[in-house]
Amino acid sequence: MTLSVQDLRVYYRTLRGEVKALDGVSFELADGEILGLAGESGCGKTTLGKSLIRMDGRMKHVGGRVELDGEELPIGDTVKMNPFRFTEVSIIPQYSMSAMNPTRKIGRMVRELLDSRGVTVDTEELHRRLDLVELDRDVLKRYPMELSGGMKQRMVMVISTLLNPSLLIADEITSALDVSTQKAVVTTLKGFRDLGFVKSMIFITHDISLTNQLADTIMVMYAGKLAEKAPSDAVVNRPRHPYTQLLISSLPEVGVRYADKKLTGIPGNPPSLLDPPVGCRFQDRCPLAFDKCREEPPVVEVEKDHYVACWKA
Amino acid sequence: MLKLQGVSKVFKVGTFGGRTATAVDEVSFEIGRGEVVSLIGESGSGKSTIGKMVLRLIPATAGSITFDGADITKLNRREYYRKVQGVFQDPFSSYNPIFKADRIFSMIKEVYFPGESAQAWREKVAAALQDVRLDPAAVLNKFPHQLSGGQLQRLLIARALLLDIGFLVADEITSMLDASTRIDVLNLLADLKQRGLGVLFITHDLALGNYISERTVVLYQGRIVEYGPTEKVFEAPEHAYTRKLLASVPQLHRKWEGV
Ligand SMILES: Nc1ncnc2c1ncn2[C@@H]1O[C@H](COP(=O)(O)OP(=O)(O)OP(=O)(O)O)[C@@H](O)[C@H]1O
Ligand SMILES: Nc1ncnc2c1ncn2[C@@H]1O[C@H](COP(=O)(O)OP(=O)(O)O)[C@@H](O)[C@H]1O
Ligand code: SF4
Ligand SMILES: [Mg+2]
Ligand SMILES: [Mg+2]
């Protein structure tokens, strides 16, 4: 097994108190598995991704543990995490395309990055991978600004997987791209897994239709907790958590028209994570809520590999 | 209501503007009252450039754009913006982060309705917020970063509605939103259309265009490759490019081929 996350809790320190962005999440990821992480904005997807590789100064590891390839990851310790980054765990962060240093040519940027890890560039391998994602080798002599969004995204993918990490985390890397480019990016990611450049992957996006094109398993989060996790097919066709069900029924599919079938969103907003409600965090918006929901529903395996945290599931 | 005839936009590019690039190439289409037209194409196809010309943010190089029969470049700007407004992809960047929502509205009052009484204005704001189904208490007195993307996007539409607009340019307004919020914003546009608003709905996602629009314009490298009733474009796309775009839309119950 590549990754095992047990009861992970990561909070943000703020002036108004602690934001419980990740509040007791457990899951496992097998070798070769691609996990799609879905859920509304603010539910903790980025927080989970960052926790596995680099916490920022305001994040606090409050509890739980993470093992990668059988070894505990010192996620709370930025310095001790250094040897793992890039070689064992790699991330393509949200907005990474705009985060590329504009004053460096791309080739130099790659060299500096590898230098900082004490590795020299294997130019042949780099070229091979550029060919693979259909980027002209000349991109190395260009500045990030000169590349289109899709080209930049492919470049970032090549860089972050160059050292064949065990785990790759891709955070909303397709949201800013048009549909044809999204498809190309997803095809590339799948190729990277199939070629063994990465062992397993966490693909974060709020777009379930897109996740389903790539992921073996989908995990839906709600307000800092796991709501449902199952093989993609089960999440899409037989969701058991009311939140997942509503999320899926709000998707406009090709062919659905307002005039014929008006879709509806999920009324209300997620609770504040500064002071989340006791019990199920979805209770204020859930059409099925009943008394029991004031107690926290445990995560239960309702059928093989299908986990749900809901009293009614 | 809005009519584009042979509209082109040529940009000067290169260090000394020595070369030119044609972003929009002789585009013609029309949008009537109470009609939503989707403008669809991949990145760089010229969608936003058309939106910007309609909003008079940049001039057209050739062709004409008319609103209710009048050349838009000849209309008084303030009068034009009372009737035609735009909302864009990233609601956070459209907003000055240091202004609270109230300020956004009062700026509209200062520019367009200086004579209106405070009481009448408050009612108008309340009505506009009601139209976009926002609770005034939940949004007024808040900074943009304290609102969700969907709330902010609806607030921007409310701001446009304050001007009694007849026409809205909506450029990728849902691409930063969650599925559940996205559908609320689409439904809102559809409701407004039923009340007579004309909308140019710019998107790269055909499923969204299909959901709310009567007619669809497909743009490829600045040119129109397909134009017609939305059902027809979806059910029997004539152009290979449209078929490719259609095949690229990620669909929940259908897997992409070749991935
Ligand atoms: N100010 C400018 N100067 C030079 N070229 C420009 C300028 N604005 C746009 N372009 C070019 O015009 C073409 C069309 O751009 P436009 O922004 O209209 O595309 P779009 O269809 O809206 O794409 P996206 O889906 O990425 O928003 C592109 O090739 C772009 O690089
Ligand atoms: N730097 C930060 N300081 C305080 N709160 C934060 C910070 N970053 C994120 N949060 C909060 O943590 C929660 C989860 O955020 P995030 O992981 O970014 O969500 P997602 O990626 O699912 O949209 C949200 O309530 C968000 O407001
Ligand atoms: S536990 Fe209760 S409130 Fe929560 S999702 Fe299930 S039924 Fe709804
Ligand atoms: Mg995020
Ligand atoms: Mg655009």
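This text gives an overview of the structure that appears in the document.

**Quick look at the overall build of chain A**
Helix and strand content of chain A: 10 helices and 12 strands. At 20 Å, chain A has a C-alpha radius of gyration in line with the 20 Å of a compact globule built from 313 residues. Across its three principal axes, chain A shows a C-alpha extent of roughly 60 × 50 × 40 Å. Nonlocal contacts in chain A, meaning residues at least 24 apart in sequence, comprise 65% of its contacts between residues at least 6 apart. When the accessible surface of chain A is summed, it comes to about 13,500 Å², and 50% of that surface belongs to carbon and sulfur atoms. Computed over 41 positive and 42 negative side-chain charges, the separation of the two mean positions in chain A equals 4 Å.

**What to know about the side chain of Asp184(B)**
Relative to the assigned elements, Asp184(B) resides in helix α7 (residues 179-194). For the buried Asp184(B), which has no salt bridge, the nearest side chain bearing the opposite charge is Arg154(B), at an N-O separation of 4.6 Å. Ignoring sequence-local partners within four residues, the contact set of Asp184(B) consists of Gly265(A) and Arg133(B).

**Remarks on the interface of chain A and chain B**
On the chain B side, the residues contacting the 39 residues of chain A number 44 residues. Summed over both sides, the interface between chain A and chain B buries roughly 3,700 Å², with carbon and sulfur atoms accounting for 55% of that surface. Counting across the interface, chain A meets chain B through two salt bridges. The partner of Glu231(B) in a salt bridge is Arg257(A), and the shortest N-O contact between them spans 3.1 Å. Viewed at the interface, chain B and chain A are joined by 17 residue pairs in polar contact (both at pLDDT 80 or more). Those elements giving two or more residues to the side of chain A that touches chain B turn out to be α7 (179-194), α8 (208-214) and α9 (232-237) of chain A. Broken down by element, the side of chain A that touches chain B gets its largest block of residues, seven residues, from α7(A). Taken together, the residues of the side of chain A that touches chain B sort by class into 14 nonpolar, 16 polar and nine charged.

**Focus on the packing of helix α3 (residues 101-112) of chain B against helix α4 (residues 118-131) of chain B**
Residue and element names in this part refer to chain B. In the contact formed by α3 and α4, the axes pass within 11 Å of each other and the chain directions differ by 125°. Taken together, the axes of α3 and α4 lie oblique to each other. Seen from above, α3 lies across α4 with right-handed handedness. Each of Phe105, Ser106, Ile108 and Lys109 in α3 lies in contact with α4, whose residues at this interface are Trp121, Val125 and Leu129. Looking at the contact of α3 with α4 residue by residue, the classes come out as five nonpolar, one polar and one charged.

**Looking at α7(A)**
Quick reminder: α-helices carry 3.6 residues per turn. Residues three or four places apart thus point the same way. All names here are of chain A. Here α7 contains 16 residues, and its C-alpha end-to-end distance of 23 Å stays within 8% of the 22 Å for a straight helix at 1.5 Å per residue. Residues of α7 that are buried include every one of Val179, Ser180, Thr181, Gln182, Lys183, Val185, Val186, Thr188, Leu189, Lys190, Phe192 and Arg193, and no others. In this structure Asp178 caps α7, since a side-chain oxygen of it lies 3.1 Å from the backbone nitrogen of Ser180. Of the residues trailing α7, Gly196 is marked for its positive phi of about 80°.

**Quick notes on the site of ligand 1**
Residue and element names in this part refer to chain B. All residues in the neighbourhood of ligand 1 are listed as Phe11, Val13, Ala23, Glu42, Ser43, Gly44, Ser45, Gly46, Lys47, Ser48 and Thr49. Here an oxygen atom of ligand 1 and a backbone polar atom of Ser45 are 3.2 Å apart. Calculation on ligand 1 without its partners gives an accessible area of 640 Å², and the protein chains cover 59% of this total. Elements supplying a minimum of two residues to the shell around ligand 1: β1 (2-13) and α1 (47-54). Top contributing element to the shell around ligand 1 by residue count: α1, with three residues. Looking at the shell around ligand 1, its residues break down into three nonpolar, six polar and two charged.

**Description of the nonpolar core**
In this structure, Ile50(B), Ile157(B) and Phe167(B) are the most contacted members of the largest nonpolar core, which totals 72 residues. The contacts of Phe167(B), once residues within four sequence positions are left out, are Met1(B), Leu2(B), Ile31(B), Val54(B), Phe67(B), Lys83(B), Val84(B), Gln85(B), Leu197(B), Gly198(B), Val199(B) and Leu200(B). Counting residues in each nonpolar core, the second largest holds 60 residues, with Ile34(A), Val158(A), Ala223(A) and Phe282(A) among its members.

**Overview of the pairing of strand β7 (residues 167-171) of chain B**
All names here are of chain B. Of all five residues in β7, five are buried, a share of seventy percent or more. Burial along β7 is two-sided: Phe167, Val169 and Asp171 facing one way and Leu168 and Ala170 facing the other are all buried. For strand β6 (residues 84-87) and β7, the ladder comprises four bridges, and the chain directions are parallel. Along β7, the bridge assignment pairs Val87 with Ala170. As paired strands, β7 and strand β8 (residues 198-203) are joined by five bridges and run parallel to one another. The residue bridging Ala170 from the neighbouring strand is Phe201, located in β8. Tracing the backbone out of β7, into α7 and back to the parallel element β8 gives a crossover that is right-handed.

Calculation rules
- Residues numbered from 1 in each chain as written.
- Chains lettered and ligands numbered in written order.
- Predicted model: local features only at pLDDT ≥ 70, side-chain atom pairs only at ≥ 80, totals over all residues.
- Heavy atoms only, no water.
- Helix = DSSP H or I, 4+ residues; strand = E, 2+ residues; numbered from the N terminus.
- Rg over C-alpha atoms; globule rule 2.2 N^0.38 Å.
- Contact = heavy atoms within 4.5 Å.
- Areas by Shrake-Rupley, 256 points an atom, 1.4 Å probe, with all protein chains shown as cover.
- Lys, Arg positive; Asp, Glu negative; His and termini not counted.
- Charge placed at Lys NZ, Arg CZ, Asp CG, Glu CD.
- Buried < 20%, exposed > 50% of the residue type's maximum accessible area, 1.4 Å probe, protein only.
- Salt bridge = Lys/Arg side-chain N within 4 Å of Asp/Glu carboxyl O.
- Buried area = accessible area lost by both parts, 1.4 Å probe.
- Polar contact = N/O pair within 3.5 Å; in protein donor to acceptor, adjacent residues only side chain to side chain.
- Nonpolar A, V, L, I, M, F, W, Y, C, P; charged D, E, K, R; others polar.
- Axes fitted to C-alpha atoms, helices over the stretch in contact; angles between N-to-C directions.
- Parallel < 35°, antiparallel > 145°, perpendicular 65-115°, else oblique.
- Left-handed = near helix turned anticlockwise from the far one by under 90°.
- Expected span 1.5 Å × (residues − 1).
- Near = heavy atom within 4 Å.
- Core = buried A, V, L, I, M, F, W, Y, C linked by side-chain atoms within 4.5 Å.
- Pairing = 2+ DSSP bridges.
- Right-handed = clockwise from strand over helix to strand, strands pointing away.

These figures capture arrangement, not role.
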